[in-house]
Amino acid sequence: MGKPMGEQRRGPARRAVIAGGAVVAAGAAVPLVARGTGLDGAAHPPAATARGAVAAGPAVPPTPHRRRRSDDRPNILLVLTDDQPKETDWAIPRTLDWLAGQGVTFGRAYANTPLCAPSRATIMSGRYAHHHGVLDTRHPSHLDQRTTVQRQLRAAGYRTGLFGKYLNYWHAADDPPHFDEWLLQEPVAYYDGHYNDGGTVRNIPGYDTTVIRDRALAFIEKSRVDRRPWFAYVATRSAHELNIPERRYAHARVPGWDGRPSVFERDKADKPPFLRAAHHSVAQGRALRARQLRTLLSVDDAMHDFRAKLRSLGQLENTLVLFTSDHGLCWGDHGWLRKSVPYRPSLEVPFQLSWPAGGLGSGGDDRLTGHVDIAPTFLAAAGIAPDTPHDGHSLLDRGNGRERLLAEWWWNRQDEQPIHTWTSSIGRTDQYTEYYRTRLDRNGRPTGGGEVLFREYYDLARDPWQLGNLLHGADEARERELGVPGLARKLAAARGVGS
């Protein structure tokens, strides 16, 4: 049960974790055909098997209710929220008690494209948007379904399920490929939604998060009689605008918020033209934050129920659980009240990963992490060698890391006012961004000359709020001092320019 309406929720408790022994992957491997290339130009190794990916620990005895399966590959549960920024811990204490207390929190996790469909296609494929081709929210058919993690898991013997949001503008009557069960909502709504329910299109009364939670729980419950490991993709409407909380949380009191330095930026002469014209206030940001937090309370309830179900089935230890968002959102930062921009509130996402039986342990991980890493991580845990190229790498192998991460976004036809196409090279302590004369056409393909219109460089160690663009008024000597020519070359290579 959730907290009574209006009751103040406490922060998450922290607990020690008992790491289980590494799981032997028994799935049928498929041929490896390519390695992904990182922003720094380094080739990433193929996904490792689970045994080589995590540290071994003492064996965990089976719980009293655990039924032995035909293989010990982990179940995989992905819970993906919508538009959830990083600073939303207040609303998800039980989620953090579970996954941060019994798993790893990745503190430098980013969306590679801060827009719904491109981000979700990246999560499914392990590829940057300029590789998978879904650049806006209106052309889901651009995703090659052969590249998806659900296809490879299902081919290797996993039972697969999709519950909630899939890809924007997906035709509701079309079944999502490579899922055994699904409850796909399109268009996505908070109450009384329109769903493709296993091939039957119908309206289902009730709150979105609760409806998809119940169907996901039923899918997990079937593992009492189905011996296959399973993969559940659970994608909520929360916390996307227009935010409508569950009725019992409609008036929940949320903690106050006084903004942050990026919300109060007055001199924006060093920002791109479209951002100079943005003037959303701290009051508007505060109201948006409150609406988002109230919708996330129901997500936290669902996570509590998922944990209880896994415990009752004896599957809590050997289920890999990942909780994240498709991207962040600005709460008035730099005058902006949306996603789509190359600034931290828009790009950073919550990212918690738990797999006790895999020896993952608990604590923090400060590696640069992106959505491109999710599919490789899932396949590595299942012992499956990918048969399509990945731009990311498995997070289970501590030896996998990167110096820089690519983020990208295209000006699409939903935005009548220019929000220039951009790509950004994110480092641990700095960020370099270029804006281009490019726009997507009616078919979701880039058009335009691609000339660089504007550039930004931020020292994130000294200026984490991105208030001072160091390229504003900089001469060539200053640019060389900052290392910008080298960053520009690496960014062009990562984008595939000239290749």
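Report follows, based on the coordinates. (Residues numbered from 1 in each chain as written. Predicted model: local features only at pLDDT ≥ 70, side-chain atom pairs only at ≥ 80, totals over all residues. Heavy atoms only, no water.)

### Some points on the overall build of the protein
For step 1, the next point in the chain: Along the protein, the regular secondary structure elements total twelve helices and 18 strands.
For step 2, the next point in the chain: In the protein, which comprises 499 residues, the proportion classed as buried is 59%.
For step 3, the next point in the chain: Look at the contacts in the protein between residues 6 or more apart in sequence, and 73% of them connect residues 24 or more apart.
For step 4, the next point in the chain: Looking at the protein as shown, the accessible area adds up to about 19000 Å², and 52% of this sits on carbon and sulfur atoms. (Helix = DSSP H or I, 4+ residues; strand = E, 2+ residues; numbered from the N terminus. Buried < 20%, exposed > 50% of the residue type's maximum accessible area, 1.4 Å probe, protein only. Contact = heavy atoms within 4.5 Å. Areas by Shrake-Rupley, 256 points an atom, 1.4 Å probe, with all protein chains shown as cover.)

### Details of the sheet that holds strand S15 (residues 430-436)
For step 1, the next point in the chain: Strand order in this open sheet of four strands is S13-S14-S15-S18, and the pairing throughout is antiparallel. The strands lining the two open edges of the sheet, one partner per strand, are strand S13 (404-409) and strand S18 (452-459). Averaged over all adjacent pairs, the angle separating strand axes in this sheet is 15°, with direction ignored.
For step 2, the next point in the chain: Here six bridges tie S13 to strand S14 (residues 421-427), and the two strands are oriented antiparallel to one another. Across the sheet, Ala407 pairs through a bridge with Ser424, a residue of S14.
For step 3, the next point in the chain: Its contacts with the sheet place helix H12 (residues 484-495) against S13, S14, S15 and S18, and it is angled at close to 60° to S15. (Pairing = 2+ DSSP bridges. Axes fitted to C-alpha atoms, helices over the stretch in contact; angles between N-to-C directions.)

### Overview of the nonpolar core
For step 1, the next point in the chain: With 45 residues, the main nonpolar core has Leu153, Tyr166, Phe231, Tyr233, Phe351 and Phe378 as its most contacted residues.
For step 2, the next point in the chain: Per-element accounting of this core gives the leading share, seven residues, to helix H10 (residues 374-382).
For step 3, the next point in the chain: With residues up to four places along the chain from it excluded, the contact list for Phe231 reads Ile76, Leu78, Val149, Gln150, Leu153, Tyr158, Arg159, Thr160, Gly161, Phe179, Phe219 and Phe378.
For step 4, the next point in the chain: Listed in part, the 37 residues of the second largest apolar core include Phe163, Leu217, Ala232 and Leu296. (Core = buried A, V, L, I, M, F, W, Y, C linked by side-chain atoms within 4.5 Å.)

### Quick look at the packing of helix H6 (residues 208-221) against helix H8 (residues 282-312)
For step 1, the next point in the chain: Two elements in contact, H6 and H8, have axes separated by 10 Å at closest approach and are oriented at 10°. Classified by the angle their axes make, H6 and H8 are roughly parallel. Along the contact surface, H6 presents Thr209, Arg213, Ala216, Leu217, Ile220 and Glu221, while H8 presents Ser298, Val299, Ala302, Asp305, Phe306, Lys309 and Leu310.
For step 2, the next point in the chain: Classifying every residue of the contact of H6 with H8 gives seven nonpolar, two polar and four charged. (Parallel < 35°, antiparallel > 145°, perpendicular 65-115°, else oblique. Nonpolar A, V, L, I, M, F, W, Y, C, P; charged D, E, K, R; others polar.)

### Details of the pairing of strand S8 (residues 230-235)
For step 1, the next point in the chain: With six of its six residues buried, S8 lies for the most part within the structure.
For step 2, the next point in the chain: With burial as the criterion, each face of S8 is covered, one bearing Trp230, Ala232 and Val234 and the other bearing Phe231, Tyr233 and Ala235.
For step 3, the next point in the chain: Relative to S8, strand S1 (residues 75-81) is paired through five bridges, and the arrangement is parallel. Among the inter-strand pairings, Leu77 is bridged to a residue of S8, identified as Ala232.
For step 4, the next point in the chain: Examined bridge by bridge, strand S4 (residues 159-164) and S8 share six bridges and lie parallel to one another.

### A closer look at the side chain of His132
For step 1, the next point in the chain: Looking at the secondary structure, you find His132 in helix H4 (residues 129-132).
For step 2, the next point in the chain: By relative accessible area, His132 is classed as buried at 4%.
For step 3, the next point in the chain: There is a polar contact of 3.2 Å between the side chain of His132 and the backbone oxygen of Pro118.
For step 4, the next point in the chain: Looking at His132, its side chain comes within polar contact range of the side chain of Thr122, at 3.0 Å.
For step 5, the next point in the chain: Aside from chain neighbours lying at most four places away, what touches His132 is Pro118, Ala121, Thr122, Ser125, Arg127, His142 and Leu143. (Polar contact = N/O pair within 3.5 Å; in protein donor to acceptor, adjacent residues only side chain to side chain.)

### Thoughts on the sheet that holds strand S5 (residues 181-185)
For step 1, the next point in the chain: Strand order in the open sheet formed by ten strands is S7-S6-S5-S4-S8-S1-S9-S10-S2-S11, with mixed pairing between adjacent strands. For this open sheet the edge positions go to strand S7 (200-207) and strand S11 (363-365), each flanked by a neighbour on one side alone. In this sheet, adjacent strand axes meet at a mean angle of 20° when their direction is disregarded.
For step 2, the next point in the chain: Note that S1 and strand S9 (residues 319-325) share seven bridges and pair parallel. Bridged to Ile76 within S9 is Leu320.
For step 3, the next point in the chain: Packed on one face of the sheet, helix H3 (residues 116-125) meets S1 and S8 and runs near 170° to S1.

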